[in-house]
There are 2 protein chains.
Amino acid sequence: MTTAALFTDLYELTMVAGYQAAGRADEQATFDLYFRHPPAGVDLVVACGLDPVLDYLETLHFDTEDLAYLSSLSLFDEAFLSFLRRLTFRGDVWAVPEGLPVFSDEPLLRVSATLAEAQLVETYLLNRICYSSLVASNAAQLTRAARGKPVLEFGARRAHGPDGALTGARAAMIGGCGATSNVAAGQRFDVPVSGTQAHAFVMAFATELEAFRAYAATFPDTCILLVDTYDTLGSGVPNAITVAHELASAGHQLKGVRLDSGDLASLSHETRRLLDAAGLPDVQIIASGDLDAERVRELEQLNVPIDGYGVGTSLLTARRDPALSGVYKLAEIGGSPVMKLSGSPAKATSPGRKQVWRSDTGDVIGLHDEELEGEPLLVEAMRGGKRRLPHADLGQLAQRSRQAVAVVHPKVVTGEWSVRSSPRLDRLRAATLRHVRQGLGS
Amino acid sequence: MTTAALFTDLYELTMVAGYQAAGRADEQATFDLYFRHPPAGVDLVVACGLDPVLDYLETLHFDTEDLAYLSSLSLFDEAFLSFLRRLTFRGDVWAVPEGLPVFSDEPLLRVSATLAEAQLVETYLLNRICYSSLVASNAAQLTRAARGKPVLEFGARRAHGPDGALTGARAAMIGGCGATSNVAAGQRFDVPVSGTQAHAFVMAFATELEAFRAYAATFPDTCILLVDTYDTLGSGVPNAITVAHELASAGHQLKGVRLDSGDLASLSHETRRLLDAAGLPDVQIIASGDLDAERVRELEQLNVPIDGYGVGTSLLTARRDPALSGVYKLAEIGGSPVMKLSGSPAKATSPGRKQVWRSDTGDVIGLHDEELEGEPLLVEAMRGGKRRLPHADLGQLAQRSRQAVAVVHPKVVTGEWSVRSSPRLDRLRAATLRHVRQGLGS
């Protein structure tokens, strides 16, 4: 068995080898993890992924098999491999709690550790935080579009690998989804699972009605029938109504029908009309089929009688923009602030050990030892390699997220929300810039 | 520990429970896994992901913890849980070998098993095949754009979860990438790893030159210096040239420089000019920084002196279109062909147990017991739950892929490649359609 320690870009290891050979590996360094701009189609980013990051940092080590592989690359000398053999993460982490809104250029995570430890963890941290925050943000966007109607995460089949699906399901729940179709996610994260039947089930029986009856017999109280296998209004809904009456006469109740194709606006209105006319006002209508936040918003603007949305591909692959532009940048080394210049000013980094203060009207990014108005956004997540935050309860994270987003999002939309840096940080940036430029000129 | 068996949409389990309660679970069924249209930006899809699918099928079972969780959902009765306790996959799988080009509506995978077994594996199979094929296709597209120059996979940090990154790295190598930055992928799949330094390394030293010297001292023969931290042409390249001369006088050679921002076309020309003028014609130029196939093609059309490309986000997140529209549809049950109608004809399915024959001019999709011109594309991958294909060697898969794509792709571009169905399959489709419509009318 290899460990998660090998989950790293090779250059983290070659850089650490360079630091170690130069006698710099044990210097204290601070890195910021932040994103440069929100993903397309997302108007508020929700921080996510901290809990698995803390698990990783707490257990980081290289085992014998890891080291044997690294040795086989003929890149590293024995002194460096010995160094890795002893390495664990003993640093400090301050982070934005999962579920809270966060903005471009604000540190989501601040890592202070030896240069070696802080550098080595870059790839894993970015991997975990970027994708989780991306999905949580998309889930929150969808939940807003659905105006409080439940959004169900159905994306396991199109997610990027099984673990991508699990990570995505967790983030979707934190961002506001009501359930996931992914049973492994339900088990691992203790969240509701949801799902009923696919077209194959209907096709496996001689007639649609026979299929519906078989399914209803097995799940008489939780049955949602998929009505679009052959002809939604011509056969699917009428057959569902027949089964609903049969269930009712046996003391049960059909829970709902699912529309998975076609013009969902007109189909949902017609389906509602047929169900109501049959005396079935409590039978729900669930819609699915290549939905995304934009499509859900359009449907809701038409006041469709849809009771819940199943969203898969667009949510777990973040189809509109599948990468959060997260970066992990050195901000301080040996107590001195540093920054990267760049041809494009947007890519210049911000020096020093930072904190964010959140008030009713926005955020101020300042230096960690300032005292600014508002609540500090980054909390101490790890000290000396030991976790300071308990393992997260997903229900609580989701609730906190909903509350925080409800406060911040309206102000973002109206432009009442500002994000700026403190005068002291501005001065430090200017001074560091001069220092770097002098260094280049010298 | 739970097993991979729980990695499934809940509805696979509720459907299997429905089949089992109806006495249908043991009927023989055949499902096809195929995609409806290629992802945007990809003009040839490369099949990928079979090997992990066979691993999953060979080991599929529910353990005590899986069953305890399912029992806790209060959805399934004891008879069904007992049924799951005994379940393994004993079916047959025919599949397109990894690395070969494949087209819309052609089965990539054909699963024949009991209805229960074949249904249960849907989510996992789609998850594995869709994402892997997506990345392999994107990697092949990039390799073509780079006109044979090496493309390095740098996407671990932006991939969707750690496992997404590993799955993606494997697919990228099959599709034609020359190396991956992901050390865990190198270890697991025995493929070359690549990478040198990030901006943080340069920033961690007082001057860029000091950083370059420290790195070159550690890796005197494999050193690629990142030259854009402060000023590519003003400081980065001149400092790299200084270090190159120092290395040369110690009997070593600077391997290359990396450009990671700015106008790569003009920067690469200027960098080449400076290196050549300094007597360093063998120092390579590697380019990276939000590259994708389109950008690489544009650069190559300008005949840039770039020797290799590092591509991350766009490759592993398949940014242009992050989901292959893969579906898994019932084609035959109890020996009888079935099909799904649909409001949109493109979503209608194709009945019967199928094979694809590939000739010099295209593919014909026919029924498995036909004898058509060309080579059968689907091979027997598993019989009675036992693997018939050996574990894949990634180097061999990549080579086979390169050869097959080189034959097929030019014909696709010129329109000389056709994909059609056999007359017998057409007749079966028409007959099944009539049969389904009669069933609905009755």
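Being a predicted model, the structure only gives us computed values, none of them experimental. (Residues numbered from 1 in each chain as written. Chains lettered and ligands numbered in written order. Predicted model: local features only at pLDDT ≥ 70, side-chain atom pairs only at ≥ 80, totals over all residues. Heavy atoms only, no water.)

With that out of the way, let us pick up the domain arrangement of chain A. When cut into domains, chain A gives domain 1 (4-135 + 321-441) and domain 2 (195-306). Computed from C-alpha atoms alone, the centre-to-centre distance between domain 1 of chain A and domain 2 of chain A is 47 Å. (Domains from an automatic or database assignment.)

Looking now at the sheet that holds strand 16 (residues 375-376) of chain B. All names here are of chain B. What the four strands build is an open sheet, ordered 16-14-15-19; its pairing is mixed. In the strand order of this sheet, the two ends are held by strand 16 and strand 19 (418-421), each with one partner. Taken together, the four bridges between strand 15 (residues 362-367) and strand 19 define a ladder with parallel strand orientation. Across the sheet, Asp-363 pairs through a bridge with Val-419, a residue of strand 19. (Pairing = 2+ DSSP bridges. Helix = DSSP H or I, 4+ residues; strand = E, 2+ residues; numbered from the N terminus.)

The next thing to look at is the relation of the copies chain B and chain A. Superposition of chain B onto chain A requires a rotation of 180° combined with a translation of 0.0 Å along the rotation axis, giving an RMSD of 0.0 Å. Expressed as an axis order, the relation between the two copies is that of a two-fold axis. Both copies contact each other with a shared surface, as 100% of the interface residues of chain B are interface residues in chain A too. (Least-squares fit on C-alpha atoms with pLDDT ≥ 70 in both. Contact = heavy atoms within 4.5 Å.)

Moving on: the interface of chain B and chain A. Across the boundary between the two partners, chain B contributes 100 residues, which contact 100 residues of chain A. Buried surface at the junction of chain B and chain A, summed over both partners, amounts to about 7800 Å²; 63% is from carbon and sulfur atoms. On the surface where chain B and chain A come into contact, there are eight salt bridges. Where Arg-319 of chain B meets Asp-321 of chain A, a salt bridge forms, and the shortest distance between an N and an O atom there is 3.3 Å. In this assembly, chain B and chain A are joined by 45 residue pairs in polar contact (both at pLDDT 80 or more). (Buried area = accessible area lost by both parts, 1.4 Å probe. Salt bridge = Lys/Arg side-chain N within 4 Å of Asp/Glu carboxyl O. Polar contact = N/O pair within 3.5 Å; in protein donor to acceptor, adjacent residues only side chain to side chain.)

All right, on to unusual backbone geometry then. Phi at Ser-74 of chain A takes a positive value of approximately 55°, unusual for a residue other than glycine. In this structure, Ser-74 of chain A sits in the loop between helix 3 (64-72) and helix 4 (78-86). With a phi angle near 55°, Asp-290 of chain B is a residue other than glycine that sits in the positive phi range. Take Asp-290 of chain B: it is sitting in the loop between strand 10 (284-287) and helix 13 (293-301).

The next thing to look at is the pairing of strand 14 (residues 354-359) of chain A. Residues in a regular strand project their side chains so that they alternate between the two faces of the sheet. All names here are of chain A. Within strand 14, five of the six residues are buried, which leaves the element mostly enclosed by the surrounding structure. Examined bridge by bridge, strand 14 and strand 15 (residues 362-367) share six bridges and lie antiparallel to one another. Bridging across to strand 15, Lys-354 finds its partner in Leu-367. Between strand 14 and strand 15, which pair antiparallel one after the other, the connecting turn spans two residues. In terms of strand pairing, strand 14 meets strand 16 (residues 375-376) through two bridges, oriented antiparallel. Residue Arg-358 lies in a different strand from strand 16, and its bridge partner there is Glu-375. (Buried < 20%, exposed > 50% of the residue type's maximum accessible area, 1.4 Å probe, protein only.)

Moving on to the packing of helix 1 (residues 10-21) of chain B against helix 4 (residues 78-86) of chain B. All names here are of chain B. Where helix 1 meets helix 4, the axes come as close as 10 Å, and the angle between the chain directions of the two elements is 105°. In terms of orientation, helix 1 and helix 4 fall into the roughly perpendicular class. Here helix 1 contributes Leu-13, Val-16, Ala-17 and Gln-20 to the contact with helix 4, which in turn contributes Ala-79, Phe-80, Phe-83 and Leu-84. When grouped by side-chain class, the residues that make up the contact of helix 1 with helix 4 number seven nonpolar, one polar and no charged. (Axes fitted to C-alpha atoms, helices over the stretch in contact; angles between N-to-C directions. Parallel < 35°, antiparallel > 145°, perpendicular 65-115°, else oblique. Nonpolar A, V, L, I, M, F, W, Y, C, P; charged D, E, K, R; others polar.)

Close approach of charged atoms allows side chains of opposite charge to pair. Applying the stated rule across the entire model yields 57 salt bridges over all chains. Ionic pairing is found between Asp-32 of chain B and Lys-354 of chain B, a salt bridge with its closest N-O pair at 2.5 Å. With Asp-32 of chain B in strand 1 (residues 28-35) and Lys-354 of chain B in strand 14 (residues 354-359), the pair connects residues that are 322 residues apart, well separated along the chain. One exposure class covers both Asp-32 of chain B and Lys-354 of chain B, and it is buried. The network of salt bridges with shared partners includes Asp-9, Glu-12 and Glu-122 of chain A together with Arg-157 of chain B.

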